[in-house]
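Spelled out from the first residue to the last, the chains are:
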There are 2 protein chains.
Amino acid sequence: MHLFYSRDFSQNNPVLDEKESHHAIHVLRLQRNDSIAISDGAGNLFHGSIQEINKKSCVIHINEQKPLVDNSAKGFHLAVSPTKSIDRMEWMVEKCTELGIGSITFLKSRYSERKEINLAKLEAIAVSAMKQSQRTYMPALFPMIPFTEYIQRSTASIRFIACQHDSLTVDQWIKKTDKTKNNSILIGPEGGFSEEEVILALQKDTQPIALGSYRLRTETAAIAACQLMNHFTV
Amino acid sequence: MHLFYSRDFSQNNPVLDEKESHHAIHVLRLQRNDSIAISDGAGNLFHGSIQEINKKSCVIHINEQKPLVDNSAKGFHLAVSPTKSIDRMEWMVEKCTELGIGSITFLKSRYSERKEINLAKLEAIAVSAMKQSQRTYMPALFPMIPFTEYIQRSTASIRFIACQHDSLTVDQWIKKTDKTKNNSILIGPEGGFSEEEVILALQKDTQPIALGSYRLRTETAAIAACQLMNHFTV
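A. Expanded view of the sheet that holds strand 9 (residues 158–162) of chain B. All names here are of chain B. Within the open sheet, the six strands sit side by side as 8-7-6-10-9-11. Their pairing is parallel. Only two strands of the sheet have a single neighbouring strand rather than two, namely strand 8 (140–146) and strand 11 (206–209). Strand-to-strand twist of the sheet, defined as the mean angle between neighbouring strand axes without regard to direction, takes the value 20°. Judged from the four bridges that link them, strand 9 and strand 10 (residues 183–187) form a sheet pairing that is parallel. Counterpart to Ile 161 in the pairing with strand 10 is Leu 186. Strands strand 6 (77–80), strand 7 (103–108) and strand 8 of the sheet are contacted by helix 2 (residues 86–99), whose axis makes an angle of about 155° with strand 7. Seen against the sheet, helix 7 (residues 218–233) touches strand 6, strand 9 and strand 10 and runs at an angle of roughly 165° to strand 10.

B. Structural detail: the relation of the copies chain A and chain B. Overlaying chain A on chain B yields an RMSD of 0.0 Å, the required transformation being a rotation through 180° with an accompanying axial translation of 0.0 Å. Both chain copies can therefore be described as sitting about a two-fold axis. The fraction of interface residues of chain A whose copies in chain B are also interface residues reaches 100%, indicating that both copies meet through the same surface.

C. Focus on the environment of Glu 149 of chain A. All names here are of chain A. When you line up the elements, Glu 149 lands in helix 4 (residues 147–153). Judged by its relative accessible area of 31%, Glu 149 is partly exposed. Residues Glu 149 and Lys 19, spaced 130 residues apart in sequence, show a C-alpha to C-alpha distance of 34 Å.

D. Summary view of the pairing of strand 6 (residues 77–80) of chain A. All names here are of chain A. Residues His 77 and Ala 79 of strand 6 are buried on one face, and the alternating residues Leu 78 and Val 80, pointing to the opposite face, are buried as well. As judged from the four bridges shared by strand 6 and strand 7 (residues 103–108), these two strands associate in the parallel manner. When the sheet's bridge partners are listed, Leu 78 is paired in strand 7 with Ile 104. For the handedness criterion, the β-α-β arrangement of strand 6, helix 2 (residues 86–99) and strand 7 is classed as right-handed. Across four bridges, the pairing between strand 6 and strand 10 (residues 183–187) is parallel. Across the sheet, His 77 pairs through a bridge with Ser 184, a residue of strand 10.

E. Just the sheet that holds strand 10 of chain A, in detail. Residue and element names in this part refer to chain A. In space, the six strands of this open sheet follow the order 8-7-6-10-9-11, with parallel pairing throughout. Pairing within the sheet leaves two strands with one partner each, and these edge strands are strand 8 (140–146) and strand 11 (206–209). Adjacent strand axes in the sheet meet at a mean angle of 20° when their direction is disregarded. Strands strand 6, strand 7 and strand 8 of the sheet are contacted by helix 2, whose axis makes an angle of about 155° with strand 7. Contacts between helix 3 (residues 119–132) and the sheet are confined to strand 7 and strand 8, with strand 8 contributing the most and set at about 150° to the helix.

Thresholds, definitions, all that
- The residue numbering used here restarts from 1 in each chain and proceeds along that chain's sequence as written.
- Chain labels run from A onward and ligand labels from 1 onward, assigned in the order the entries are written.
- In view of the model being predicted, local features appear only for residues whose pLDDT reaches at least 70, and side-chain atom pairs are presented and counted only at 80 or more, with totals across whole chains, interfaces and linings using the full set of residues.
- Hydrogens and water molecules were not included; the side-chain quantities draw on all heavy atoms of the structure.
- Two strands make a pair as long as DSSP finds a minimum of two bridges between them.
- Think of it this way: any DSSP run of H or I at least four residues long counts as a helix, any run of E at least two long counts as a strand, and we number them from the N terminus.
- The convention used is that axes are lines fitted to C-alpha atoms, helices contributing only their stretch in contact, and that angles between N-to-C directions extend from 0 to 180 degrees.
- Any two residues whose heavy atoms approach within 4.5 Å at even a single point are treated as in contact.
- Copies overlap after least-squares fitting; the atoms used are the C-alpha atoms of residues with pLDDT of at least 70 in both.
- Remark: exposure states derive from per-residue accessible area (1.4 Å probe, protein chains only) relative to the maximum for the residue type, with buried under 20%, exposed over 50%, and partly exposed in between.
- If the strands point away from the viewer and the path from the first strand over the helix to the second runs clockwise, then the crossover is right-handed.

So this is what it looks like as structure tokens:
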């Protein structure tokens, strides 16, 4: 059955937005009363049928909630300073969503060449990846904030930073993760985090970690961290 | 120090090919007697200097072989049926090289829409990823062959196929890998392998495996497998 996503689950009858609605009616040519599967993006899957077809939306009638919960929500939080190439960030969001990430914050850091990010486009990519991999959890994507502000405000219980600073090996930091808590990893841009940024993070209870023996690109480091978190902590 | 790659280590004085030579002389503006680091693509790192600058090549004099060996060579073999979009295969080659893959064979399988692959372009991407991640092992990329031929001819000691067929979980198949042997994983195209292909593989001592609880795209499955192999078996 085709899987759809609705952000609008506030009422009993979720609504498909313009894009999802277009896909249902004009691409798949579904009609009134046709059955669909629908995710609320919070890990829940519902079975329902199309009740009302409007010009730019569809109203769904829910018949059944499946006891299937995507536990990606318990996954981890990535705080990443974006690469210059937005393509690399788009791939990262797609792959991390497929692999089950909890949420992503974009960081404005000293050596990052990209100062803005188009969240709406990245969200559309995440929705598509979520549906494609038959997941029901939609990762939260947070707007870009300065590195120092993130460090001051982060509420993650366990926080790691990928750097060269007496880092814990993968085996060591995996043992320090806790699947019942919020685990977060900070990953720098092409030029890495600055010395001042790393020191600030370490002062605020962030542990320095490595993601392997070799230098990884920003987006590869994010995907590698996501796969390790996914395997060991979910 | 800048890292270069030479395929031509047959003599004592390795030669940089046209592309590597262009990068050294015209981009980095290196000159005769300048020091460089050079990899033979087989896991070995050498320190040397530029001895001779020709129009389309450079001859290097080796001063020292570093006792550093990239053990990716012991990593694993991926046999993958390419996606329709060549972009996705290019990203896969880049990421798998960064994460330390041993070799890749491209498979012509029943449901794969792509019947040809430009190996030269993928090799250039792998060289670039190898240098970027400061590795010295260049994965071997093998030309496309039919699935049935691969299964008949494969000499891998341990062979897995990603499929839905009573598959081993990640924890189960990781235990069956052996870091002293050749481990290989077969990953299908968008439509997966056909029932006949899976049955043929299983008859030839290939074990069915899963790469997680959710459906992954071809290139994501390859990257996830590579990261797991890299972590557990190298």
